[in-house]
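# Results of the structural survey
So the chains spell out like this:
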Amino acid sequence: MASITAPARTNVILLPRVNLIRGDEAMQINCTECGEKSIIRTTQRLDAKMSKLYCICKNPHCGHTFVMDLCFSHTLSPSSNQAKDIVINLLRALPEQERQLMLASL
Ligand SMILES: [Zn+2]
C-alpha cells in the first residue's frame, strides 16, 4: 500500500477570534461587569472540549470574580490526523479493484 502524506498546512487558524488576549502572565478576558481586562486564575478542564475559567477583574474599583465556560464550537479545517483517517476509511470502503485504481492514480 502506498504511503499517504499530507502536504504542509497553510490554512490553519491557531486561535479563534474571541475576547481572549495573551498577556504576560495568563490568558485574559474582559470583565462581564465593567468591561476591563480580567485574569483567568484557574481553569477546570471538564473534558477535551469544555473548561470552566475562574476569572478575577483587574479593575481595583470592580474586583468582580466570575466563571466563564469555554467550549469547543466546531471545526473550520480538520486536523491532519482526521483527514488521514477519513481517507483511509474511504479507501477501505472501496472494493479492492477500485482501491488499487485510486492508489495507482495518485
Ligand atoms: Zn470588572
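Here the residue numbering is sequential within each chain, running from 1 through the sequence in written order. In keeping with the predicted nature of the model, local features appear solely for residues at pLDDT of at least 70, side-chain atom pairs appear and are counted solely at 80 or more, and the whole-chain, interface and lining totals rest on all residues. In computing side-chain values, all of the structure's heavy atoms are included and hydrogens and water are not.

### Things to note about the coordination of the zinc ion
- Atoms are scored as donors when they are N, O or S and lie within 2.8 Å of the metal, with 3.2 Å used for Na, K and Ca; no water is included, so coordination may look incomplete. Here the zinc ion is held by the protein donor atoms Cys31 (SG), Cys34 (SG), Cys57 (SG) and Cys62 (SG), which lie 2.3 to 2.4 Å from it.
- Each of the four donor atoms bound to the zinc ion contributes to angles spanning 96 to 114°, and the resulting shape is tetrahedral.
- Sequence spacing of the donors to the zinc ion: C-x2-C-x22-C-x4-C. Of this pair, Cys31 sits in the loop between β2 (27–30) and β3 (37–47) while Cys62 sits in the loop between β4 (50–57) and β5 (65–71), placing them 31 residues apart in sequence. In these descriptions, tetrahedral denotes four donors with every angle between 85 and 135 degrees, square planar four donors and octahedral six donors with opposite donors over 155 degrees apart and the rest between 65 and 115, and irregular any other case. Numbering goes from the N terminus for both helices and strands, where a helix is a DSSP run of H or I of at least four residues and a strand is a run of E of at least two.

### Observations concerning the pattern of salt bridges
- Salt bridges are identified by distance alone: a Lys or Arg side-chain nitrogen within 4 Å of an Asp or Glu carboxyl oxygen. Scanning the model with the defined rule gives two salt bridges in all.
- The residue Lys52 makes a salt bridge to Asp69 at a minimum N-O spacing of 2.8 Å. On the criterion of sequence distance, the pair formed by Lys52 in strand β4 and Asp69 in strand β5 is long-range, its members being 17 residues apart.
- Residue classification places Asp69 among the partly exposed residues on the basis of a relative accessible area of 47%. The buried label applies to any residue whose accessible area, calculated with a 1.4 Å probe on protein chains only, is under 20% of its type's maximum; exposed applies above 50%, and partly exposed to all values in between.

### What about the environment of Leu103?
- Within the fold, Leu103 resides in helix α2 (residues 96–104).
- Spatially, the C-alpha atoms of Leu103 and Leu91 are 8.9 Å apart, while their sequence positions differ by 12 residues.

### Section: the confidence of the model for the chain
- pLDDT runs from 0 to 100 and stands for how confident the predictor is about each residue. For the chain, the mean per-residue pLDDT works out to 80, and 74% of the residues sit at or above 70.
- For the chain, the element scoring lowest by mean pLDDT is strand β1 (residues 21–22), at 48; β5 scores highest, at 95.
- When the criterion is pLDDT under 50, residues 12–19 qualifies, and its contacts beyond four places in sequence or with other chains add up to four contacts. We call two residues contacting when some pair of their heavy atoms lies within 4.5 Å.

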